[in-house]
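The chain contents come next:
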Amino acid sequence: MLAEHHQRLADKIWAVANKLRGPYRPPQYRKVMLPLIVLRRLDCVLEPTKHQVLKQVDVLRAKKLSPEAIQKALAKVASKDRKQPLFNVSPFTFAKLLGDPAGIAKNLTAYLKGFSPKVREVFDRFEFEAEIEKLDDNNMLFEIIKEFSTVDLHPDMVSNLQMGYLFEYLIRKFNEQANEEAGDHFTPREVIRLMAHILYTGDEDIHVPGISRTIYDPTCGTGGMLSVSEEYIREQNPQAHLTLFGQDYNAEAYAICCSDMLIKDELVDNIVFGDTLGDGKTSDGHAGKTFHYMMANPPFGVEWKRQQAQVDKEYEQFGFDGRFGPGLPRIDNGALLFLLTMLSKRKPSPEEGGEGSKIAIVLNGSPLFMGDAGSGESNIRRWIIENDWLDAVIALPDQMFYNTGIYTYIWIVTNRKVKHRRGKVQLIDATRHFVKMRRSLGNKRNELSDAQIDEITKLYSAFKHDAKCKVSLDGKAAERICSKVFDNRAFGFLKLAVERPLRLNFQASPERILRLKDQSAFTGLAESKKRKDKKAITTEIEGGKAFQEQIFTALKKLDADKLYRNRDEFEADLDKVLQHERVKIAAPMRKAILTALSEHDPEADICTDTKGDPEPDPNLRDTETVPLPANISFPLPIAYKGADGREPDNAELIDLVHAHCGAYFEREVRPHWPDAWIDYSKTKVGYEIPINRHFYVYEPPRPLEEIEGDIKKLEGDILAMLKEVA
């Protein structure tokens, strides 16, 4: 929540934004306001050393130094302690721009061009020069610059963290005006703080003075996760050497993130512009790199059609040597693709001689259960769990985000679990850990308090099964289980195909014979495959119709009243009449006749194949979900579905689970369907994380007498109101 000072500052800037009304509609305010906030911030940072910089410019140029050498020298003058160049060689500041109202547009453009190269790139991404011209044409530029010159954004007055809150607040307001999609939201700072608390819990190395660590966000937006994560570590260890990396395809968000990095003297080149998944023009900007810590909040429920060609290509060409080896999620929700991207950048585990990595990612509910056994989503979960990388899943309250009220979940994924967490997954129910906000911010009505962040972190650290917390239920204090710990295999299951025999009766009644007209093999006889020769087409069609009549004539020779309950018996009589009528039919037509003249009949004999085995009835086919055996080892001996779409060979897996599945079948299925059997060739492996089911607590309904009393009271109230109207 914005503090009072921050709120006053935000309100003041919003008041300036409202002066744009007319030439700009409210959804367009951001085009002017966001770059101006960045520009004013930089102006405040550089103003104290502006005179020294200008004095040095002519001296350095007279020495005929290279542009790179001049940039380094000017950067030192602008700020002696900076590592990244940040300076401006124009004579202008906000104050000086106001001294020439008539030339303010030209001078402001010159001011922008006077910045160090990376800053110029930032304002190119903002496309701000076009807005300068528009503001000037509408006689608004001087007034807006004048208003901004009174806003003090120097780091001594507004810290980098406070700037993050300011951007978050204003961008949310702009998004509301533009009616942005729910997936394009910003992560509340308290959620990021919780992610940071969990991510660094148990990592003692982070407290070692001088330790070097890398942090990465593949969907960094304005850099909130990177900033809060960095702040958290520096609070614990001011001497830590942290390097931040990120990528985003939104030009405006990228520009804001780079601005923040510039002001903090971070390596701006580590923030890459472009689509992390790949859109044909841009791609993964950190390919081949690995990171110690990774955090992300990818868009919820956003389809990835725009990136599909590149993602499919990488999946098909590189498999597990690329990012998407386990499989691809459905096209309408690509969040898991970002998790796979992060996993591809993990450092080797301690067992492999490396330092390992830890990941915290915010996802909606779909990745927990979306996708059937053997699907891309299920296989992604399988790959993560069987490799013992899934550490914890934390269910957050609803209404935590500005532009969506859905429930969200933090996944903690790591390849360096501490010993007592290995082979286990912790589920934490934090859905009741929230306080109501005094004032809603869009869809955000709930927030996490510092005490609740600490309690959730303690739940994670304690790693206890059935650990309880005191929570509020309908305004009343109650105790509820908030932590559960499961073996990895608890989330896996076998999906069995249960077959029942095909039982059909047959009859050559007039009604059933007419059904042949619904069979494509029969209707196709009276269709021509010729294209140009009209005479040949006519001849072919007429010949087909004649053949159809021959088939009808032959079938009418069968006893129309006789009901066959044995397919072999019926086929024998059918062959006799066809032979007698000299009608020769191919296999597709034979199948069409059997289909038209048959009906399902539980009293009929079982239909068998050429080997004498029962044929399955597709209409009676069912599936059973069987938990994995308690003693099975990971990884399971079955490959992942390849890019060709073919199901992997499951023979080795079946050898392991045959007895387990057979026992389940005899116990749960056979008593209900004595003639059923398992088709083991169709057995698939699936994984899901049903976190809500594990924390479900049955609440008995209210007594009928109590409900009846409420209804009578409502009836009385309604009657009283009707009397008043009358």
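The preceding data block contains the structure.
As a starting point, this report considers the structure included with it. (Residues numbered from 1 in each chain as written. Predicted model: local features only at pLDDT ≥ 70, side-chain atom pairs only at ≥ 80, totals over all residues. Heavy atoms only, no water.)

**Regarding the packing of helix H2 (residues 30-46) against helix H8 (residues 128-137)**
Part 1 of the reasoning: With their axes 10 Å apart at the nearest point, H2 and H8 run at an angle of 110° to one another. Considering the angle they form, H2 stands roughly perpendicular to H8. The interaxial crossing formed by H2 with H8 has left-handed handedness. Residues Lys 31, Val 32, Pro 35, Leu 36 and Leu 39 of H2 form the contact with H8, whose own contacting residues are Phe 128, Glu 131 and Leu 135.
Part 2 of the reasoning: Looking at the contact of H2 with H8 residue by residue, the class counts come to six nonpolar, no polar and two charged. (Axes fitted to C-alpha atoms, helices over the stretch in contact; angles between N-to-C directions. Helix = DSSP H or I, 4+ residues; strand = E, 2+ residues; numbered from the N terminus. Parallel < 35°, antiparallel > 145°, perpendicular 65-115°, else oblique. Left-handed = near helix turned anticlockwise from the far one by under 90°. Contact = heavy atoms within 4.5 Å. Nonpolar A, V, L, I, M, F, W, Y, C, P; charged D, E, K, R; others polar.)

**Topic: the nonpolar core**
Part 1 of the reasoning: Counting residues in each nonpolar core, the largest one holds 117 residues, and the members touching the most others are Met 33 and Leu 39.
Part 2 of the reasoning: The element best represented in this core is H2, accounting for ten residues.
Part 3 of the reasoning: Beyond its immediate chain neighbours, meaning those up to four positions away, Leu 39 contacts Phe 94, Leu 108, Tyr 111, Leu 112, Phe 115, Phe 123 and Phe 128.
Part 4 of the reasoning: One finds Leu 337, Leu 339, Trp 383 and Leu 628 within the second-largest nonpolar core, a separate group that totals 62 residues. (Core = buried A, V, L, I, M, F, W, Y, C linked by side-chain atoms within 4.5 Å. Buried < 20%, exposed > 50% of the residue type's maximum accessible area, 1.4 Å probe, protein only.)

**What about the environment of Gly 686?**
Part 1 of the reasoning: Following the sequence through the fold, Gly 686 ends up in strand E18 (residues 684-687).
Part 2 of the reasoning: Judged by relative accessible area, which is 0%, Gly 686 ranks as buried.
Part 3 of the reasoning: Setting aside chain neighbours within four positions, we find Gly 686 in contact with Ala 373, Ser 378, Phe 491, Gly 492 and Phe 493.

**Details of the pairing of strand E11 (residues 467-473)**
For a regular strand, side chains alternate in direction, first toward one face of the sheet and then toward the other.
Part 1 of the reasoning: Where burial is concerned, the two faces of E11 differ: the one with Ala 467, Cys 469, Val 471 and Leu 473 is buried and the one with Lys 468, Lys 470 and Ser 472 is not.
Part 2 of the reasoning: The turn linking E11 back onto strand E12 (residues 476-487) is made up of two residues, and Asp 474 within it adopts a positive phi angle of 55°. (Pairing = 2+ DSSP bridges.)

**Considerations on the pattern of salt bridges**
Part 1 of the reasoning: Scanning the entire structure with this criterion turns up 52 salt bridges.
Part 2 of the reasoning: Lys 19 is the partner of Glu 147 in a salt bridge, and the nearest nitrogen-oxygen pair spans 3.9 Å. Of this pair, Glu 147 sits in helix H9 (residues 141-148) while Lys 19 sits in the loop between helix H1 (4-18) and H2, and the two are 128 residues apart along the sequence.
Part 3 of the reasoning: The exposure class assigned to Glu 147 is partly exposed, which follows from its relative accessible area of 23%.
Part 4 of the reasoning: Exposure remark for Lys 19: the relative accessible area of 41% places this residue in the partly exposed category.
Part 5 of the reasoning: The salt bridge partner of Asp 203 is Arg 416, with a shortest N-O separation of 2.7 Å. With a gap of 213 residues between them, Asp 203 in the loop between helix H11 (189-200) and strand E1 (212-217) and Arg 416 in the loop between strand E7 (409-414) and strand E8 (424-429) connect regions that are remote in the sequence. By the burial criterion, Asp 203 is buried, and Arg 416 matches it.
Part 6 of the reasoning: Each of the salt bridges in this network shares a partner with another, and the network as a whole consists of Arg 567, Glu 571, Asp 575, Arg 590 and Glu 615. (Salt bridge = Lys/Arg side-chain N within 4 Å of Asp/Glu carboxyl O.)

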